[in-house]
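# Analysis of the macromolecular model
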Amino acid sequence: MLKYMFLAVFAAATLAHLVFTWRKDIKGRRWTKPLLIISLLAYYLCVSAAPSKLLVAALICSWIGDILLMWPGDLWLTLGGAFFIGAHVFLMVRFALMTAFSDHPWLLIAPIACAFVVFSWLTYRKIKEKISLFLKIVMFMY
């Protein structure tokens, strides 16, 4: 029963957050944003017989990152980004532990990875004049 409550909170918060985003309602988004990942985590903990500690850590890092990004400024952006990097590391380790790498079509994966690098570079070129040197360094590291 508890799992359905957390799933309902997640669904309601997601719908409300999307509506607030569409309406550009910053105050409403500040109320719903913290509920998104934490309710997803609670649901996962309720339905999983053996929750992955790596996935739990990734969701917690993502939740903290989301909350930190709610405040303006380079400090909060950097701290939020650091928690998202932590989440990515936990997710990559979890994925690597679940994956038999010899079974993957590297001829397909390699061009997709190259396209990701190209699009990242193009995005950086588009915004580099609008951000500080500090954020350029942090963004490169990310």
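Okay, so let's go over this structure. (Residues numbered from 1 in each chain as written. Predicted model: local features only at pLDDT ≥ 70, side-chain atom pairs only at ≥ 80, totals over all residues. Heavy atoms only, no water.)

### So, the overall build of the protein
Using the following cut-off: Segments assigned H or I by DSSP are reported as helices when at least four residues long, segments assigned E as strands when at least two residues long, and all are numbered from the N terminus. Only protein chains enter the accessibility calculation, which uses a 1.4 Å probe; a residue whose area is less than 20% of its type maximum is buried, one above 50% is exposed, and one in between is partly exposed. Contacts were defined at the residue level, with two residues in contact if any of their heavy atoms lie within 4.5 Å. Only the protein chains shown count as cover for residues, and the accessible areas themselves come from Shrake-Rupley with a 1.4 Å probe.
When helices and strands are tallied, the protein shows 6 helices and 0 strands. Listing each helix as α and each strand as β along the protein from the N terminus yields α-α-α-α-α-α. Overall, the C-alpha framework of the protein stretches about 45 × 45 × 25 Å when taken along its three principal axes. Taking all 142 residues of the protein together, the buried fraction comes to 21%. Counting only contacts in the protein whose residues sit at least 6 apart along the sequence, the fraction spanning at least 24 positions is 52%. Carbon together with sulfur atoms contributes 77% to the accessible area of the protein, which is approximately 10500 Å² in total.

### Topic: the pattern of salt bridges
Put simply, the test is: Salt bridges are defined as contacts in which a side-chain nitrogen from Lys or Arg sits within 4 Å of a carboxyl oxygen from Asp or Glu.
Under the criterion given, the structure shown has 1 salt bridge. Close ionic contact of Lys33 with Asp66 constitutes a salt bridge, the shortest N to O distance being 3.6 Å. Of this pair, Lys33 sits in helix α2 (residues 26-47) while Asp66 is found in helix α3 (residues 53-68), placing the two residues 33 residues apart along the sequence. Of the residues examined, Lys33 reaches a relative accessible area of 22% and is grouped as partly exposed.

### A word on the packing of α2 against α3
Heads up, the rule is: A fitted line through C-alpha atoms serves as each axis, taken over the contacting stretch for helices, and the angle formed by two N-to-C directions is quoted from 0 to 180°. Note that the term roughly parallel is reserved for angles under 35 degrees, roughly antiparallel for angles over 145, roughly perpendicular for angles of 65 to 115, and oblique for everything else. Put simply, Ala, Val, Leu, Ile, Met, Phe, Trp, Tyr, Cys and Pro go in the nonpolar bin, Asp, Glu, Lys and Arg in the charged bin, and everything else, Gly too, in the polar bin.
The geometry of α2 relative to α3 is characterised by a closest axis approach of 8 Å and an angle of 170 degrees between their N-to-C directions. Classified by the angle between their axes, α2 and α3 sit roughly antiparallel to one another. Here Lys33, Pro34, Ile37, Ile38, Leu40, Leu41, Tyr44 and Leu45 of α2 lie close against α3, whose contacting residues are Leu55, Val56, Leu59, Ile60, Ser62, Trp63, Asp66 and Ile67. For the contact of α2 with α3, the residue count by class is 13 nonpolar, 1 polar and 2 charged.

### Side note on the nonpolar core
Under the convention used in this document: Side-chain atoms within 4.5 Å are what join buried Ala, Val, Leu, Ile, Met, Phe, Trp, Tyr and Cys residues into a set we call a nonpolar core.
Core analysis: the biggest nonpolar cluster contains 5 residues, these being Ile37, Leu41, Tyr44, Val56 and Leu59. Within the residue set of this core, elements represented by two or more residues are α2 and α3. Every residue in contact with Leu41, bar those within four places of it in the chain, is listed here: Val56, Leu59 and Ile60.

### Re the packing of aromatic side chains
Threshold: Aromatic rings from Phe, Tyr and Trp, taking only the six-membered ring of Trp, are treated as a pair when their centres fall within 6.5 Å; an angle between ring planes under 30 degrees marks them as stacked, one over 60 as edge-to-face, and anything in between as tilted.
For the structure shown, the criterion picks out 2 aromatic pairs. Measuring from ring centre to ring centre gives 5.3 Å for Trp71 and Trp76, while their planes differ by 45 degrees; the resulting arrangement is tilted.

### Notes on the environment of Ala87
Looking at the secondary structure, you find Ala87 in helix α4 (residues 74-98). Ala87 gets classed as buried once you look at its relative accessible area, which sits at 2%. Considered as a pair, Ala87 and Phe101 are 14 residues apart in the sequence and their alpha carbons are 21 Å apart. Sequence-distant contacts of Ala87, defined by excluding residues within four places in its chain, comprise Ala58, Cys61 and Ser62.

### Observations regarding a nonpolar patch on the surface
So the rule is basically this: Candidates for patches are residues over 30% relative accessible area with no salt bridge; among them, like charges are joined within 9 Å and nonpolar side chains (Val, Leu, Ile, Met, Phe, Trp, Tyr) within 5 Å.
Among the surface-exposed residues, Ile85, Val89, Met92, Val93, Leu97, Met98 and Tyr142 lie close enough to one another that they form a single nonpolar patch of about 710 Å² accessible area. With respect to the element layout, Ile85 can be found in helix α4.

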